[in-house]
Amino acid sequence: MNDNKKQLKLAFIGGGNNSAVGYVHFAASQLDNKFAVVAGAFSRNPDENSATAQRWGISEKHLYNNWEELVEQEKNHVDAFVILTPTPHHIEVITKLLKANIPIICEKALVTGPAEVAEIEACYDKNKHFLAVTYNYSGYAMVRELKHLVKQGLLGTIQKIHLEMPQEGFRRPPDIAGKPSMPQAWRLKDFEVPIKRQLRWPV
């Protein structure tokens, strides 16, 4: 456990410059000086991987081109691994880390459906494992600013809150050459949605 003075060391799996969420997670981890990102395999693209490490001040000695090597080399030197890869890839990483008793912080959504939940349940032990899912809204400056405005009473009496999150994965501007930016393939796949029971309106 953290003694509130020592920084916890994190290793990022995914979350490179070309990631939709990477920088926000990095920024959020720096807000209270309690975490330090010290290692990572940020992208499968070697150029993006290296550029991300340089941007965040990560030593080349702790930069890896694949996440398996990152885990093997850094598992005894960090306090937790942060999973920031696309959701369909989470289950492979989570189960490997759980079997090795390594603490995990995972970007939402945790998995793609109930079959993968069952895989996690088969190797998860609440008495020895640490597995947390983060929604990370603190990493967005506007959320922190809104909290400040509400706390100071600068918006008057709040009567209703309406939130939207447009999915930029499907509406991205063309690249510099005018070529349309296509959504990641995994975002176009329908995964299993569990339905526990059918809800009926009263008659």
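Counting starts from 1 at the beginning of each chain's written sequence and moves along it residue by residue. Restriction of local features to residues with pLDDT of at least 70 applies here, the model being predicted, together with a cutoff of 80 or more for giving and counting side-chain atom pairs; totals for whole chains, interfaces and linings are based on all residues. Values reported for side chains reflect all heavy atoms of the structure, with hydrogen atoms and water molecules removed beforehand.

Draft legend 1. Just the overall build of the protein chain, in detail. Here a strand is any run of E in DSSP of at least two residues, a helix any run of H or I of at least four, and the numbering for each starts at the N terminus. In terms of helices and strands, the protein chain carries six helices and five strands. Ordered by position from N to C terminus, the α and β elements of the protein chain give β-α-β-α-α-β-α-β-α-β-α. Here a residue-residue contact requires only that any non-hydrogen atoms of the pair lie within 4.5 Å. In the protein chain, 63% of the contacts between residues at least 6 apart in sequence involve partners at least 24 apart. The method behind every accessible area is Shrake-Rupley, applied with a 1.4 Å probe, and residues are considered shielded solely by the protein chains displayed. Within the structure as shown, the protein chain displays about 14,400 Å² of accessible surface, and the carbon and sulfur contribution to it stands at 53%.

Draft legend 2. Here's a closer look at the pattern of salt bridges. Should a side-chain nitrogen of Lys or Arg be within 4 Å of a carboxyl oxygen of Asp or Glu, the pair is scored as a salt bridge. Inspection of every chain in the model, using the stated rule, returns one salt bridge. Measuring nitrogen to oxygen at the nearest pair gives 3.5 Å for the salt bridge that ties glutamate 72 to lysine 75. Here glutamate 72 falls in the partly exposed class, since its relative accessible area comes to 47%. Only protein chains enter the calculation, and the probe is 1.4 Å; a residue is then buried if its accessible area is under 20% of its type maximum, exposed if over 50%, and partly exposed in between. Classification of lysine 75 as partly exposed rests on a relative accessible area of 32%.

Draft legend 3. Structural view of the nonpolar core. Leu70, Phe81 and Leu97 are the most contacted members of the largest nonpolar core, which has 22 residues in total. The element contributing the most residues to this core is helix H4 (residues 87-99), with five residues. Beyond its immediate stretch of four places on either side in the chain, phenylalanine 81 contacts Ala11, Ile13, Leu70, Val71, Glu74, Lys75, Leu97, Ile102, Pro103, Ile104 and Ile105. The nonpolar core is taken to be a set of buried Ala, Val, Leu, Ile, Met, Phe, Trp, Tyr and Cys residues, with the residues joined through side-chain atoms within 4.5 Å.

Draft legend 4. Structural detail: the side chain of asparagine 49. With respect to the element layout, asparagine 49 can be found in helix H2 (residues 46-56). For asparagine 49, the side chain forms a polar contact with the main-chain oxygen of tyrosine 64, separated by 2.8 Å. Identification of polar contacts relies on pairs of N or O atoms within 3.5 Å, with a donor-acceptor requirement for protein atoms, meaning one able to donate a hydrogen and the other able to accept it, and with residues adjacent in sequence counted only if both atoms are side-chain atoms.

Draft legend 5. Looking closely at the packing of aromatic side chains. Two aromatic rings, drawn from Phe, Tyr or Trp (for Trp, its six-membered ring), form a pair once their centres lie within 6.5 Å of each other, and the interplanar angle then sorts them: stacked below 30 degrees, edge-to-face above 60, tilted otherwise. Enumeration over the complete set of coordinates arrives at three aromatic pairs. Aromatic pair phenylalanine 26 and tryptophan 56: ring centres 4.4 Å apart, planes at 5°, arrangement stacked. Here phenylalanine 26 is found in helix H1 (residues 22-29), whereas its partner tryptophan 56 is found in helix H2, with 30 residues between them in sequence. Comparing phenylalanine 26 with tryptophan 56, the two get one shared label, buried. Ring centres 5.3 Å apart and planes at 85° place the aromatic pair phenylalanine 42 and tryptophan 56 in the edge-to-face group. Highlighted residues: phenylalanine 42 in the loop between strand E2 (35-41) and H2 and tryptophan 56 in helix H2, separated in sequence by 14 residues. Through pairs of rings, three or more aromatic residues link up here, namely Phe12, Phe26, Phe42 and Trp56.

Draft legend 6. Structural context of the sheet that holds strand E4 (residues 104-107). Being paired, for any two strands, means DSSP has found at least two bridges between them. The five strands are arranged E2-E1-E3-E4-E5 in an open sheet whose pairing can be described as parallel. This sheet does not close on itself; its edge strands, each paired only once, are E2 and strand E5 (131-134). Between one strand axis and the next, the sheet turns by 25° as a mean value, whatever way the strands run. Taken together, the five bridges between strand E1 (residues 8-14) and strand E3 (residues 80-84) define a ladder with parallel strand orientation. Of the residues in E3, the one forming a bridge with isoleucine 13 is isoleucine 83. For helices, the fitted line uses only the C-alpha atoms of the stretch in contact; every axis is such a line through C-alpha atoms, and the angle between N-to-C directions lies from 0 to 180 degrees.

Draft legend 7. Inspection of unusual backbone geometry at higher detail. Look at the link from lysine 108 to alanine 109: it is a cis peptide, with omega at -5°. Relative to the assigned elements, alanine 109 resides in the loop between E4 and helix H5 (114-123). Its identity as a non-glycine residue notwithstanding, asparagine 33 has a phi of 65°, on the positive side. Structurally, asparagine 33 can be placed in the loop between H1 and E2. Of note, the phi angle at asparagine 101 is positive, near 60°, even though the residue is not glycine. Here asparagine 101 shows up in the loop between H4 and E4.

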